[in-house]
Structures are given as structure tokens and as C-alpha cells.
Amino acid sequence: MLHLTLRQLEVFCAVAQSGSTVAAAEVVALSQSATSAALQQLELGLGVALFERGGKRLALNDVGRVMLPQALSLLEQARNLEQAFSGHAANVPVRLRVAASTTIGTYALPQVLAVLARSHPQVQVDLQVANTREVAQAVQTLEADMGLIEGAGHWLGLDVEPWLRDELVIVAAPDHPVAVQARDKPVGVGTLRKAPWLLREPGSGTREVVEHALLPHLKQWSVSSTMASSEAIARCVAQGLGISCLSYVLVEALVKSGSLVIVPTTLPRMWRHFSIVQRAGKWRSPALQAFVRACQDVAPP
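Keep in mind the model is a prediction, meaning the values are calculated, not measured.

Quick rundown of the nonpolar core? Include the residues and the values.
A general trend in soluble globular proteins is that nonpolar side chains are found buried together. Counting 25 residues, the largest nonpolar core has Leu96, Val112, Leu148, Trp163 and Phe291 as its most contacted members. Elements supplying a minimum of two residues to this core: strand S3 (94-101), helix H5 (102-119), strand S5 (146-150), strand S6 (158-172), strand S11 (270-279) and helix H12 (286-298). The element that contributes the greatest number of residues to this core is H12, accounting for eight residues. Every residue in contact with Phe291, bar those within four places of it in the chain, is listed here: Leu96, Val98, Leu109, Val112, Leu113, Leu116, Val125, Met146 and Leu148. Listed in part, the 22 residues of the second largest apolar core include Ala179, Leu218, Trp221 and Val263.

Structural data, given as C-alpha cells:
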């Protein structure tokens with residue numbers, strides 16, 4: 001006989017992620033007393049405490065930390081069963097949790113969501129936009145069903161599938177000294193080393209790819225500022241505050257408007273991949289398969 005239920009596991013995960021039974025009660029749509037009772041029944045059924053209790057805050061103890069990823073995985077499997085084998089699965093609305101890195105979430109994903117809405121109107125997407133490291137962590141901890149990241153690196157416990165190819169370009173304001181110098185001939189590494197660079201924050205997929213592409217040539221550079229938004233960097237570069245290396249997808253409109261120019265350099269062209277990530281071995285539900293097909297439909301040949 002089982003001594004626990006999926007509802008108890010749902011309560012356990014909600015408390016673990018929110019830190020209190022009060023906040024968890026709103027997530028699982030129960031009263032606070034019913035949430036506390038379900039958590040107590042779970043601990044009694046297992047014969048072990050799962051939380052350290054200090055005032056109104058609940059923090060996972062060592063047993064609870066081991067149990068959390070397994071409980072999240074069981075709940076995910078239960079949701080997949082409902083989606084795949086419900087008698088009304090084709091017509092019942094399904095919500096996917098997708099995490100995307102900033103550039104993808106802003107510039108590439110809207111087209112994917114439009115394709116998905118036309119082909120599978122019953123599939124709805126809750127989107128989380130963060131940097132690449134945070135997206136990978138969300139997929140690892142089952143806070144997201146699938147992730148879209150910049151780069152194609154190896155992540156522990158994740159399957160990485162290349163998706164789109166994107167070019168990285170060095171940009172500056174039209175009247176920036178580096179852009180002015182580049183009107184005569186492509187600028188070399190000496191000029192680029194001395195220029196003030198605006199870059200994404202550590203942990204960003206764009207920052208990682210830019211460092212991998214540029215540092216072998218430049219060896220060093222002058223980083224004047226880091227920002228958590230590529231859009232903010234592009235706008236600051238357009239104001240003459242420095243130069244940067246950004247996705248062409250992101251700067252295309254500013255280049256066409258004349259706010260930015262692509263700086264010709266002696267460096268080779270730089271490319272990166274956008275990638276689809278999911279937990280290793282994860283079964284793709286029909287809704288996730290539809291989402292991946294929508295991603296593939298917007299990818300160029």
C-alpha cells in the first residue's frame with residue numbers, strides 16, 4: 001500500500017519552492033490548514049521530517065533536498081500522462097512552461113509562438129525569460145519543460161539540440177572613433193583591444209559565446225560596462241558609449257535605421273547556434289512535440 005499521494009507531493013514541492021504553507025496554499029488552491037495537513041500526512045507516511053521549521057519559514061532539510069527533484073519528476077510524469085492519455089487530450093488546453101534566454105525570448109520566439117498558435121491553438125505557453133545559465137537551471141530543476149538557449153555547450157543532465165544559426169557582429173555608433181576609422185579599412189585587433197566594450201553579464205550565453213569568439217584574437221580587452229540586457233547594450237552603443245559584439249537578429253533594425261553600424265574588422269566572421277534543451281531522457285509529450293515542430297518550422301534550411 002502506498003503511503004503518499006500525488007496531491008501530497010504537489011503540496012511538498014509548493015512548500016519547498018515558496019518557503020511557507022501560506023504561500024504554497026495559493027499555488028495548490030487549498031486552504032492553509034489543508035496544505036499543512038497534507039504536508040504533515042506526507043511526513044507521517046514517510047516516517048521522516050522533510051523541513052527545518054523556524055518561525056513561519058520552512059526550509060528543506062537534507063532528506064527534503066534529496067526528495068525534491070524526485071518528487072518534481074513524478075509530478076511531471078503525472079502531467080504527461082494526463083496530456084497523452086486523457087480521452088479529451090486533443091481538445092483540452094495544455095500549458096507548457098518554456099524558458100528562453102533573453103535574445104531568443106525577445107527576437108526569435110514570438111514567431112515560434114505564432115506558428116504554434118495556428119497549428120495547435122489548445123497549447124498555451126508560459127514563458128520565462130532569463131540568461132542562459134538560469135534557463136539551463138530551470139530545465140534541470142523541472143521549473144521549465146523545455147529551454148531555448150544561446151550557444152550549444154554541454155550542460156549536466158541536459159540534452160542539447162542545435163536549432164538556429166545566428167551571426168555575431170561588432171557594432172558601434174556611426175560617429176564612434178572605431179566606426180570612423182573603419183571607413184578607410186577594416187580595423188585590427190590593436191584598435192579593438194583599446195576600445196571600450198559593453199558586454200552582457202557573466203552567465204549570459206551571449207557573453208560566453210562572444211568571449212569564446214573574440215578573446216583568442218584580442219587576448220585582452222577594455223570592458224567599460226556589463227549589462228543584463230542585450231537591448232540595453234545596443235541602445236547604449238548607439239549613444240556612443242562604446243562598442244559591442246551582438247546578435248545580428250538583435251541589431252538589424254538599429255543598423256537599418258542608421259543608429260548603429262557594423263564595424264568591418266580583420267577578424268573572421270563569428271557564428272553561434274541557438275539550441276533547444278531538455279532534461280536528459282525526458283519523454284516529449286504531444287504538446288512538447290508540437291512546440292519543437294514550431295521551432296523547426298521557423299528555422300531556415
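Explain the side chain of Thr21 to me, using residue names and the numbers behind them.
Structurally, Thr21 is set in helix H2 (residues 21-28). Reaching out from Thr21, the side chain makes a polar contact with the side chain of Ser36 at a distance of 3.5 Å. Beyond its immediate sequence surroundings of up to four residues, Thr21 is in contact with Val15, Gln32, Thr35, Ser36, Leu39 and Leu58.

A description of the packing of H2 against helix H3 (residues 32-46) should follow, citing residues and the corresponding values.
H3 packs onto H2 with a crossing angle of 100° between their chain directions and a minimal axis gap of 8 Å. Considering the angle they form, H2 stands roughly perpendicular to H3. Side by side, H2 and H3 meet where Thr21, Val22, Ala24, Ala25 and Val28 of the first sit next to Gln32, Thr35, Ser36 and Leu39 of the second. Of the residues that constitute the contact of H2 with H3, the class distribution is five nonpolar, four polar and no charged.

Tell me what's going on with empty space enclosed by the protein, and back it up with residues and numbers.
Counted under the stated rule, the structure contains one cavity of 30 Å³ or more. The calculated volume of the largest cavity comes to roughly 30 Å³. Leu198, Leu199, Arg200, Thr206, Arg207, Val210, Ile233, Ser244, Cys245 and Leu246 are the residues that line the largest cavity. Counting residues per element, the ones that place at least two in the lining of the largest cavity are strand S7 (196-200), helix H9 (205-218) and strand S9 (244-247). Residues of the lining of the largest cavity, tallied by class, amount to six nonpolar, two polar and two charged.

Can you break down the confidence of the model for the chain residue by residue, with the values?
For the chain, the mean per-residue pLDDT works out to 89, and 95% of the residues sit at or above 70. Per-element averaging of pLDDT across the chain places helix H4 (residues 62-85) at the bottom with 83 and strand S10 (residues 261-262) at the top with 97.

Tell me about the pairing of S5, residues and numbers included.
Within S5, five of the five residues are buried, which leaves it mostly tucked inside the rest of the structure. Of the two faces of S5, the one carrying Met146, Leu148 and Glu150 and the one carrying Gly147 and Ile149 are both buried. Both S3 and S5 contribute to a ladder of three bridges, which runs parallel. By the bridge assignment for S5, Ala100 is matched with Leu148.

A description of the packing of helix H10 (residues 230-238) against helix H11 (residues 248-257) should follow, citing residues and the corresponding values.
Where H10 contacts H11, the axes come no closer than 10 Å and their chain directions differ by 30°. Comparing the axis directions of H10 and H11 gives the class roughly parallel. The crossing of H10 and H11 is right-handed. Residue-level contacts link Ser230, Glu231, Ala234 and Arg235 of H10 to Leu250, Val251 and Leu254 of H11.

Conventions and cut-offs
- Residues numbered from 1 in each chain as written.
- Predicted model: local features only at pLDDT ≥ 70, side-chain atom pairs only at ≥ 80, totals over all residues.
- Heavy atoms only, no water.
- Core = buried A, V, L, I, M, F, W, Y, C linked by side-chain atoms within 4.5 Å.
- Buried < 20%, exposed > 50% of the residue type's maximum accessible area, 1.4 Å probe, protein only.
- Helix = DSSP H or I, 4+ residues; strand = E, 2+ residues; numbered from the N terminus.
- Contact = heavy atoms within 4.5 Å.
- Polar contact = N/O pair within 3.5 Å; in protein donor to acceptor, adjacent residues only side chain to side chain.
- Axes fitted to C-alpha atoms, helices over the stretch in contact; angles between N-to-C directions.
- Parallel < 35°, antiparallel > 145°, perpendicular 65-115°, else oblique.
- Nonpolar A, V, L, I, M, F, W, Y, C, P; charged D, E, K, R; others polar.
- 1 Å grid on protein atoms, 1.4 Å probe; cavity = no way out; pocket = protein on both sides within 12 Å on 5 of 7 lines; lining within 4 Å.
- Points joined across faces, edges and corners; volume = space filled by probe spheres on them.
- pLDDT = per-residue confidence, 0-100.
- Pairing = 2+ DSSP bridges.
- Left-handed = near helix turned anticlockwise from the far one by under 90°.

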